[in-house]
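# Fold and geometry: a report
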Amino acid sequence: RAGIPAEVVSVAEQCERCFELGVYEHDATAPWVSRGGRAVLLGDAAHAMAPFLGQGANQAIQDGYCLADRLAAARAGGLAARVMGPLQSYALLRRAPVTALQLESRLLGAMETAGGGAGTLPQFVRDAFFLANGKLGVAAQVFVKGARPWV
């Protein structure tokens, strides 16, 4: 209850039911393109990630844009269409940035949810981590990097 406003604690204590929802990720290194090359995954279906960077919708939009760009290039007969199919090209272009964001989100989530209670070593490490990253400007760069288009 440390630091939680009394009215929030009061509402929580009056709840009759509580749901614990998990945080699920999907390995971005798994195949995104079907064996026959006729179907492809985008967004959370391809690379679900923990919500700690708030990048789910942003990355799905970038996936859609990248896929549309690759399909348009294939239709126009671009070099990418001759070397590899547009679906494989999309997956190749998007995999590295999405995998990096997944790792960063996982690290941030581990730090944000470090348990142990007030005054414990995990809480001290968490608070020091966020203080140092805030002062150094690292935190802002992580969030800006995720929002920057990679396509």
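Residues numbered from 1 in each chain as written. Predicted model: local features only at pLDDT ≥ 70, side-chain atom pairs only at ≥ 80, totals over all residues. Heavy atoms only, no water.

## A few points about the overall build of the protein
Rules: By definition, any uninterrupted DSSP run of H or I lasting at least four residues is a helix, any uninterrupted run of E lasting at least two residues is a strand, and each is numbered from the N terminus. The reference for a compact globule is 2.2 Å times residues^0.38; the radius of gyration itself is calculated from the C-alpha atoms. Exposure classes here rest on a 1.4 Å probe applied to the protein chains alone. A residue is buried below 20% of its type maximum, exposed above 50%, and partly exposed in between.
Counting its regular elements, the protein contains 7 helices and 0 strands. Each helix and strand of the protein, placed in order from N terminus to C terminus, yields the pattern α-α-α-α-α-α-α. Over its C-alpha trace the protein gives a radius of gyration of 20 Å, far above what one expects of a compact globule, namely 15 Å for 151 residues. Along the three orthogonal principal directions, the C-alpha set of the protein runs to about 65 × 40 × 25 Å. Sorting the 151 residues of the protein into buried and exposed places 24% on the buried side.

## Observations concerning the packing of aromatic side chains
Put simply, the rule reads: To pair, rings of Phe, Tyr and Trp, with the six-membered ring standing in for Trp, must have centres within 6.5 Å; the planes then decide the type, stacked if under 30 degrees apart, edge-to-face if over 60, and tilted in the middle. A ring is scored as having a charge over it whenever the NZ atom of a lysine or the CZ atom of an arginine sits within 6 Å of its centre and within 35 degrees of its normal.
Within this structure, the stated rule accounts for 2 aromatic pairs. Aromatic side chains W32 and Y90 sit 5.6 Å apart centroid to centroid with 45° between the ring planes, which places their arrangement in the tilted category. One end of the pair, W32, is in the loop between helix 1 (6–14) and helix 2 (43–47); the other, Y90, is in helix 5 (residues 86–112), with 58 residues separating them in the sequence. Each member of the pair, W32 as well as Y90, is classed as buried. Considering the side-chain rings of F129 and F130, the 5.1 Å spacing of their centres and the 80° angle between planes classify their relative orientation as edge-to-face. Residue classification places F129 among the partly exposed residues on the basis of a relative accessible area of 25%. Here R95 stacks its cationic end above the ring of W32, 4.8 Å away from the centre of that ring.

Keep in mind these numbers describe shape, not what the thing actually does.
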